[in-house]
Amino acid sequence: MHTKTMEGLIGARTNMEMLNTPFRVFKEARRKGDTAMMERAMGYMGEFHEDAYEYKAEADEGMKKDAEETRKIAEKQREEAIQKRKEEREELEKQLEENREEKRDADTVTISEEGKVLLKEREAATDTETEGMDTDVAASPKPKMDLEPVIYTSTGEVEAAEPESKVSVSV
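Cut-offs applied
Residues numbered from 1 in each chain as written. Predicted model: local features only at pLDDT ≥ 70, side-chain atom pairs only at ≥ 80, totals over all residues. Heavy atoms only, no water. Helix = DSSP H or I, 4+ residues; strand = E, 2+ residues; numbered from the N terminus. Expected span 1.5 Å × (residues − 1). Buried < 20%, exposed > 50% of the residue type's maximum accessible area, 1.4 Å probe, protein only. Arc of directions from axis to C-beta. Core = buried A, V, L, I, M, F, W, Y, C linked by side-chain atoms within 4.5 Å. Contact = heavy atoms within 4.5 Å. Salt bridge = Lys/Arg side-chain N within 4 Å of Asp/Glu carboxyl O.

So, on to helix α1 (residues 3–18). Between its terminal C-alpha atoms α1 stretches 22 Å, which fits the 22 Å expected from 16 residues at 1.5 Å a residue. Along α1, the residues that are buried comprise T5, G8, G11, A12 and N15. Buried residues of α1, viewed axially, fall in a sector of 140°; they line one side. Away from its buried face by more than 90 degrees, α1 exposes T3, I10 and R13.

Here's what the structure looks like:
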């Protein structure tokens, strides 16, 4: 809070509270019929009232300065955040470019001639099996049923699968 704001608020409050004393004196003088005392009390009340408004104006001025300082701080923080985002974006772009360059230098896979021949044979076999079928059915891969289940031991050796035993339960 700005100094002027605090000073203005405290001064205005104090003067408004001090108005109570001359007002009480004014009421008492009116009851007694003492016009001179009433005029003096009214004079004091006017002074305190004017002082209260002066302090109010000072508080308003301090609040304007507070708002201006707050706005400047907020704008500075906003600019810093924008600058930080730009730096982060530039760093991210550098990392992406480095990743692209690393991918260019990555290993490539080549298929041997034997592999290409096997692929063509498999495609030809698939084409002959799917003639006369719907395109949706032909496009779906066929599961291999010719492989027998295999069990591996903890040493990694293959064991023959046990034949399935039939279980019957009679009640």
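From this point, the discussion proceeds with the structure in view.
Grouped together as the largest cluster of nonpolar side chains are seven residues: L19, F26, A29, M38, A41, M45 and F48. Secondary-structure elements contributing two or more residues to this core are α2 (20–32) and α3 (35–104). In terms of residue count, the dominant contributor to this core is α3 (four residues). Contact partners of A29, with chain neighbours within four places excluded, come to D34, M37 and M38.

Oppositely charged side chains may form a pair once their charged atoms are brought near each other. In this structure the tally under the stated criterion is six salt bridges. Its salt-bridge partner being E28, residue K32 comes within 3.4 Å of it at the nearest N-O pair. Separated by four residues within a single helix, K32 and E28 lie in helix α2, roughly one turn from each other. A relative accessible area of 36% places E28 in the partly exposed class. Two residues, E113 and K116, come together in a salt bridge whose shortest N-O distance is 3.9 Å. Of this pair, E113 and K116 both sit in helix α4 (residues 113–129), three residues apart, which is roughly one turn of that helix. Residue class for K116 comes out partly exposed when judged on its relative accessible area of 39%.

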